[in-house]
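This is what each chain is made of:
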Amino acid sequence: MDKAVITNKLTKKFGDFVATNEITFDVAQGEIFGFLGANGAGKTTAIRMLCGLLKPTSGDARIAGFDVYRQTEQIKQVIGYMSQKFSLYEDLTVRENIRFYGGIYGLNRADLKAKSDQIIEQLNLGSVADKLVASLPLGWKQRLAFSVALVHNPRIVFLDEPTGGVDPITRRQFWDMIYEAADRGTTIFVTTHYMDEAEYCNRVSIMVDGRIKALDTPSGLKRSFGTDSMDGVFQILARGTSTK
Amino acid sequence: MTRIRFIIEKEFKQIFRNAVLLRMMLAAPVLQLILLAYAANFEVKNLNIVVVDQDHTTYAQRLVGKFRHIDNFRLKGYVPAYKPAYRELLASRADLILLIPPHFERDLGKENRASIQLLVNAIDGSKAGIASGYAQTIIRNFNDEIRTETVAVQQPATGGRLEIENQYWYNPRLEYKTFMVPGILFELLILVGGMIAALNIVREKEIGTQEQLNVTPIRKHEFILGKLTPFVIIGLVQFTMGLLVGIFLFQIPVVGSVPLMYGFAFLFLLLCVGLGLLISAISETQQQAMFAVFFCLVLFILLSGLFSSTENMPTWAQYLNTLNPLRYIIEVGRNVMLKGSTFRDMQSQFVALLLMAVALISLASWRYRKTV
């Protein structure tokens with residue numbers, strides 16, 4: 001049980017359209033796994049299947065050993081999820097959001113208190129802890145959302161474009177948090193459009209038109225595609241297709 | 001179980017923070033109660049009557065005088081002929097035209113019979129019915145008077161005459177408000193229970209928090225109960241306010257048991273929130289939800305017997321009405337409040353409401369999916 005994610009020919013069709021086409025890969029526990037692809041390549045569909053939000057059409061997948069067809073509720077206890085859409089309650093304060101999601105994950109009163117204090121301390125949000133989330137800058141909200149996704153110490157956290165629309169400094173801070181979480185043993189499954197972020201990952205997969213076209217370490221990918229940047233790798237793969 | 005507590009706590013925080021909505025939820029129903037109870041009124045007053053008097057005799061004047069003395073009528077004036085009178089009717093300046101033909105008095109005296117013509121604007125059917133009813137009574141009255149005057153000389157005792165005396169039970173003064181308030185009180189609960197609950201959940205779908213909740217181990221029944229409870233509580237507060245307005249402002253008699261009314265209000269609120277949850281489960285946007293709730297609301301109200309008697313509706317509508325929760329609860333409201341009906345009397349309504357509440361909540365939980 002040292003694999004956090006295992007998939008085998010995982011497929012999702014919407015009518016005739018094949019959103020994810022027989023993707024097969026695995027992610028080790030504690031790994032930072034970059035999940036790249038152009039818009040519409042099928043990343044979000046894949047993530048939603050792995051989180052139990054979407055039933056696969058065919059193929060298999062196991063998350064922390066649990067089956068995505070039959071054990072979705074067990075999966076939900078061990079994963080964290082941060083979607084493209086900002087998903088904290090803007091009309092609740094920082095502390096109330098942590099308390100609500102923590103409570104939903106079954107944390108007891110003492111744990112909730114400790115966890116809230118820890119997150120507020122860690123993100124340096126002491127001065128705004130009792131302010132509505134709506135009043136925070138976007139970068140702060142994203143970091144808070146990430147912390148809330150980790151509130152129940154999940155084994156795996158799925159991040160769907162967590163840094164969209166955020167400035168470079170905040171992105172850097174965000175990745176520091178990702179590293180910290182990975183150091184504590186959390187598996188990170190992250191999608192991004194920023195190629196510099198792809199360099200931070202242990203391994204990267206690149207999806208094109210619903211299929212995984214490449215999967216390796218960033219340096220391995222650059223070597224086999226003969227370029228010196230992840231951007232180059234991405235360009236070669238993305239240009240090869242769907243230029244209809 | 002503790003998860004439910006966290007949801008309820010969160011809902012209340014959000015509701016209390018949304019000051020505008022909170023004020024609307026609590027103030028609007030009271031305002032509506034006041035407005036509707038005063039304005040939605042079936043009493044026919046201020047009927048404009050135009051007279052075409054082609055006889056110009058004492059009898060004709062006496063007849064017109066009778067209309068003048070009844071509060072419900074307002075004599076707009078005389079016109080010389082039918083044509084201009086008709087024009088008044090077309091322009092909606094007259095509700096009624098009384099046409100007294102030439103030789104009215106002569107015919108009545110000589111031949112003991114004379115005809116007059118009454119034209120009623122019947123666009124509003126029930127108003128027209130009541131108006132012509134009033135007018136006929138006045139004319140009959142006049143007729144009786146003339147008869148007694150002429151006949152009395154020859155035949156003093158006209159024999160036995162049947163007098164009908166009406167006694168109106170439970171609403172002795174035929175107060176329209178007394179009839180309306182119990183109905184409106186319950187009708188308003190659909191607004192909070194149904195509309196606000198439906199919009200609340202669809203809003204979570206729109207902003208994305210619903211998806212976030214769906215990746216948590218939250219269970220269906222926890223989610224449903226957590227969402228249900230706050231709206232039922234607010235609904236009961238609203239019901240209390242409405243009841244107080246009814247009692248103190250409108251002096252509506254509360255003859256029946258107050259706990260029984262609260263019991264029914266609770267059941268009805270469960271049903272409304274169930275409906276709201278079901279609508280939110282099938283809607284993707286607040287617009288869709290709003291439309292669905294509005295559609296149900298208007299249908300329920302029109303068929304409910306709030307404004308018109310259900311017994312007079314066509315058979316198919318009455319069948320349709322067996323699925324109308326508002327109809328049952330209005331029956332309960334009126335009977336318990338004004339008549340003092342007991343639970344035993346309201347059993348069939350109870351069963352109907354209970355079945356619908358269970359069906360709606362089950363459907364909503366069945367339809368609520370954590371997957372998309």
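Rules behind the numbers
- Residues numbered from 1 in each chain as written.
- Chains lettered and ligands numbered in written order.
- Predicted model: local features only at pLDDT ≥ 70, side-chain atom pairs only at ≥ 80, totals over all residues.
- Heavy atoms only, no water.
- Contact = heavy atoms within 4.5 Å.
- Buried area = accessible area lost by both parts, 1.4 Å probe.
- Salt bridge = Lys/Arg side-chain N within 4 Å of Asp/Glu carboxyl O.
- Polar contact = N/O pair within 3.5 Å; in protein donor to acceptor, adjacent residues only side chain to side chain.
- Helix = DSSP H or I, 4+ residues; strand = E, 2+ residues; numbered from the N terminus.
- Axes fitted to C-alpha atoms, helices over the stretch in contact; angles between N-to-C directions.
- Parallel < 35°, antiparallel > 145°, perpendicular 65-115°, else oblique.
- Left-handed = near helix turned anticlockwise from the far one by under 90°.
- 1 Å grid on protein atoms, 1.4 Å probe; cavity = no way out; pocket = protein on both sides within 12 Å on 5 of 7 lines; lining within 4 Å.
- Points joined across faces, edges and corners; volume = space filled by probe spheres on them.
- Nonpolar A, V, L, I, M, F, W, Y, C, P; charged D, E, K, R; others polar.
- UniProt positions renumbered as here; feature names shortened; annotations may be inferred.
- Buried < 20%, exposed > 50% of the residue type's maximum accessible area, 1.4 Å probe, protein only.
- Pairing = 2+ DSSP bridges.
- Patch = residues over 30% accessible without salt bridge, like charges linked within 9 Å, V, L, I, M, F, W, Y side chains within 5 Å.
- Areas by Shrake-Rupley, 256 points an atom, 1.4 Å probe, with all protein chains shown as cover.
- Domains from an automatic or database assignment.

Per an unreviewed UniProt entry, chain A carries the name Putative ABC transporter ATP-binding protein ybhF and comes from Fibrisoma limi BUZ 3.

Participant: Would you take a moment to explain the interface of chain B and chain A for this structure?
Facilitator: When the parts of a complex come together, some accessible area is lost, and that lost area is often used as the size of the interface. Of the residues lining the interface, 27 residues belong to chain B; the matching set on chain A comes to 29 residues. Here chain B and chain A share an interface that buries about 2,700 Å² over both sides, 55% of which is from carbon and sulfur atoms. Of all residues in chain B, Phe6, Gln212 and Val215 of chain B give up the largest surface area on contact with chain A, accounting jointly for 24% of the area buried on that side. One can count three salt bridges joining chain B with chain A. When the shortest N-O distance is used, the salt bridge between Glu96 of chain A and Arg17 of chain B registers 2.7 Å. Along the contact surface separating chain B from chain A lie 12 residue pairs in polar contact (both at pLDDT 80 or more). Taken together, the elements giving at least two residues each to the side of chain B that touches chain A come down to helix H1 (2-17), helix H7 (176-207) and helix H8 (209-214) of chain B. With nine residues, the single largest contributor to the side of chain B that touches chain A is H1 of chain B.

Participant: How should the pattern of salt bridges be read in this particular structure?
Facilitator: Any two side chains of opposite charge can pair, so long as their charged atoms come close to each other. Evaluation of the coordinates by the stated rule reveals 28 salt bridges over all chains. Residue Arg106 of chain B pairs with Asp107 of chain B through a salt bridge whose shortest N-O separation is 3.8 Å. Among the charged side chains, a network of salt bridges with common partners joins Arg95, Lys113, Asp117 and Asp130 of chain A.

Participant: Explain the packing of helix H3 (residues 94-104) of chain A against H1 of chain B to me, please; I cannot follow it from the model alone.
Facilitator: The axes of two packed helices give the description: the angle between them and the distance between them. As a packed pair, H3 of chain A and H1 of chain B sit with axes 8 Å apart at the nearest point and diverge in direction by 155 degrees. If you check the angle between H3 of chain A and H1 of chain B, you find them roughly antiparallel. As H3 of chain A runs across H1 of chain B, the sense of the crossing is left-handed. Of the residues in H1 of chain B, those touching H3 of chain A at Glu96, Arg99, Phe100, Gly103 and Ile104 of chain A are Arg3, Arg5, Phe6, Ile7, Glu9, Lys10, Lys13 and Arg17 of chain B.

Participant: Help me understand the layout of surface pockets, please; the structure alone is not making it clear to me.
Facilitator: To find the voids left in a structure, one rolls a probe of water-molecule size over its atoms. Residues and elements named next belong to chain B. Its boundaries defined by the atoms lining it, the second largest pocket holds a volume of some 490 Å³. Surrounding the second largest pocket, 21 residues form its lining, Asn18, Leu21, Met25, Ile196 and Leu199 being those nearest its centre. Among the elements that line the lining of the second largest pocket, the one with the most residues is H7, at eight residues. Looking at the lining of the second largest pocket residue by residue, the class counts come to 12 nonpolar, five polar and four charged.

Participant: How should I be thinking about the UniProt feature "domain: ABC transporter" (unreviewed entry) in chain A in this particular structure?
Facilitator: The UniProt record marks residues 5-234 of chain A with the feature "domain: ABC transporter" (unreviewed entry), using the residue numbering of this structure. Span residues 5-234 of chain A is 37% helix and 27% strand, its end C-alpha atoms 24 Å apart.

Participant: Explain H3 of chain A here, please?
Facilitator: It helps to recall that an α-helix has 3.6 residues per turn; residues three or four apart then point in one direction. Where burial is concerned, most of H3 of chain A is hidden: nine out of the 11 residues are buried. Among the residues of H3 of chain A, Val94, Glu96, Asn97, Ile98, Phe100, Tyr101, Gly102, Gly103 and Ile104 of chain A are the ones counted as buried. Contact partners of the buried residues in H3 of chain A: helix H4 (109-122) and helix H5 (138-149) of chain A together with H1 and H8 of chain B. Of the residues trailing H3 of chain A, Gly106 of chain A is marked for its positive phi of about 85 degrees.

Participant: Would you mind showing me how to read the sheet that holds strand S2 (residues 17-28) of chain A here?
Facilitator: Across a sheet, strands are paired by hydrogen bonds formed along the backbone, either parallel or antiparallel in direction. All names here are of chain A. Spatially, the four strands line up as an open sheet ordered S2-S1-S4-S5, and their pairing is antiparallel. Each edge of the open sheet is held by one strand with a lone partner, namely S2 and strand S5 (66-67). Direction of pairing for strand S1 (residues 3-14) relative to strand S4 (residues 58-63): antiparallel, over a ladder of five bridges. Across the sheet, the residue bridging to Thr7 is Ala61, located in S4.

Participant: What is the right way to look at a nonpolar patch on the surface in this model?
Facilitator: Residues and elements named next belong to chain B. Together, Tyr82, Tyr86 and Leu90 make up a nonpolar patch on the protein surface, roughly 320 Å² of accessible area in all. Among the structural elements, Tyr82 can be located in helix H4 (residues 82-90). For Tyr82, a relative accessible area of 37% corresponds to the partly exposed category.

Participant: What is the right way to read the sheet that holds strand S3 (residues 32-37) of chain A from this model?
Facilitator: All names here are of chain A. A sheet is described by the order of its strands in space; here six strands give the open sequence S6-S7-S8-S3-S9-S10, paired in mixed fashion. In this open sheet, the two strands that pair with only one neighbour each are strand S6 (79-82) and strand S10 (211-216). The average angle at which neighbouring strand axes cross in this sheet is 15 degrees, direction not considered. As paired elements, S3 and strand S9 (residues 203-208) share five bridges and run parallel to each other. Bridge pairing in S9 links Leu36 to Ile206. Contacting S6 and strand S7 (156-160), H5 crosses the sheet at an angle of about 160 degrees to S6.

Participant: Mind showing me how you'd approach the pairing of S10 of chain A here?
Facilitator: Consecutive residues of a regular strand have side chains that alternate between opposite faces of the sheet. As defined by bridge partners, S9 of chain A adjoins S10 of chain A across five bridges and the pair is classed as antiparallel. Bridge pairing in S10 of chain A places Val204 of chain A opposite Asp216 of chain A.

Participant: What is the right way to look at the domain arrangement of chain B in this model?
Facilitator: Splitting chain B by domain gives domain 1 (8-40 + 173-367) and domain 2 (47-154). For domain 1 of chain B and domain 2 of chain B, the distance between their C-alpha centroids amounts to 48 Å.

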